[in-house]
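# Breakdown of the fold
In case you want the letters, here they are:
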Amino acid sequence: MIRVYYDSGTTNTRIYLLKKQEVLDQIFLEVGTRDSAISGDRGVLLKKLKEGYDDILRRNSLKDGDIHEIYLSGMITNPFGIIEVPHLETPIYKESLYEHVYVHQEESFFHRPLKLIPGAKTRSPKEGLHLGNVQLMGNTRGEEIEVMGLLRLGYLNEDKVQVMISPGSHTHMMLIRSGAIEDISSHFTGELHHAIMKETILGGETAKKTKEYQKELVIRGYDLLEKEGISRALYVVHSTKV
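For the structure given in this document, a descriptive report is provided here. No experiment lies behind these values; they were computed from the predicted model shown.

The relation between two aromatic rings is expressed through the spacing of the ring centres and the mutual angle of the planes. Summed over all chains, the structure comprises 3 aromatic pairs. With a centroid separation of 6.3 Å and an interplanar angle of 85 degrees, the aromatic rings of Y6 and F110 are classed as edge-to-face. With Y6 in strand β1 (residues 2-8) and F110 in the loop between β6 (102-106) and β7 (112-116), this pair connects stretches of sequence that are 104 residues apart. With a centroid separation of 5.6 Å and 55 degrees between ring planes, the pair formed by Y53 and F110 is classed as tilted.

Rendered as structure tokens:
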């Protein structure tokens, strides 16, 4: 059986053509839920996803009828994706994700069922979640699948307590114990970096090519961040030009 799997994030999407455990082909698309969020139209995202689907079928001499199932995970299940699917609460095992796959009949572009894999979030406190403790909540959409893949391949050990750090538009740190995601810490890193580099003076002042990092300056920058906050720390970087 041949399947198609989408890993769709905030800014990019990867499409994989799969036969059993083998990846036959893959396509990278520069489209994500940020596009539908900005435009206010889910169709913008769906249209690009369908174009990528048609492309990967065409270059492998396949038809829609040859594809047994289409799975999608990541930001595709958030309110700006195809349809919002609630997160699962920790602890989350691979069986949890499989049992809660959401089947969505998509009739605008694909005209067939799409199987959406839910994201993950930390369990709500006993007293419930409110504005006073909202900082306790971490959540992912897509990274939970990466954890299960790493466990399956043996890169994460089910007998150890480990942390997986997944950098991206949003960076997530996940505590893994006994084959389950137990806790999540989420950060707005990639999008913040993009905004700083594209929309502030630092973008023009920063070297475009990667240079060798100087350990003592990285540590000093982190110290500034902790003591004076990000706004002041960034300005200090700018001040080095004066």
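Turning our eyes to something else, we now look at the layout of surface pockets. Of the volumes computed, that of the largest pocket is approximately 1,700 Å³. For the largest pocket, the lining is made up of 31 residues, of which T206, Y213, V218, L234 and V237 are closest to its centre. Of all the secondary-structure elements, those providing two or more residues to the lining of the largest pocket are α5 (189-199), α6 (201-205) and α7 (215-239). Residues that form the lining of the largest pocket fall into these classes: 17 nonpolar, 7 polar and 7 charged. Looking at the second largest pocket, its volume works out to about 1,300 Å³. Residue lining of the second largest pocket: 34 residues in total, with L18, Q21, I145, G149 and R152 positioned closest to the centre. Elements with a minimum of two residues in the lining of the second largest pocket: β1, β2 (13-19), β3 (22-29), β4 (67-74), α3 (94-99) and α4 (143-153).

Now for the pairing of β6. Bridge analysis of β6 against β7 gives 5 bridges, and the strand direction is antiparallel. Across the sheet, the residue bridging to V103 is K115, located in β7. In this structure, the hairpin formed by β6 and β7 is closed by a connection of 5 residues, where H111 is found at a positive phi of approximately 55 degrees.

Rules used throughout
Just so you know, the residues in each chain are numbered from 1, in the order the chain's sequence is written. Since the coordinates come from a predicted model, pLDDT governs what is reported: local features require at least 70, and pairs of side-chain atoms require 80 or more to be given and counted, while whole-chain, interface and lining totals use all residues. Side-chain descriptors were evaluated using all non-hydrogen atoms of the structure, hydrogens and water having been removed beforehand. For this analysis, a ring pair means two rings from Phe, Tyr or Trp (six-membered ring only for Trp) whose centres lie within 6.5 Å, classed as stacked if their planes differ by under 30 degrees, edge-to-face if by over 60, and tilted for the remaining angles. For helices the rule is a DSSP run of H or I covering at least 4 residues; for strands it is a run of E covering at least 2, with both sets numbered from the N terminus onward. Site definitions follow a grid-based scheme: protein atoms alone, a 1 Å grid, a 1.4 Å probe that fits but cannot get out for cavities, and for pockets an open set with protein on both sides within 12 Å along at least five of seven lines, plus lining residues having an atom within 4 Å of a point. Grid points are joined across faces, edges and corners, and a volume is the space filled by probe spheres set on the points. Gly counts as polar in this scheme, as do all residues outside two lists: the nonpolar Ala, Val, Leu, Ile, Met, Phe, Trp, Tyr, Cys and Pro, and the charged Asp, Glu, Lys and Arg. Strand pairing is assigned whenever DSSP detects at least two bridges linking the two strands.

No statement about biological role is implied by the geometric values presented.
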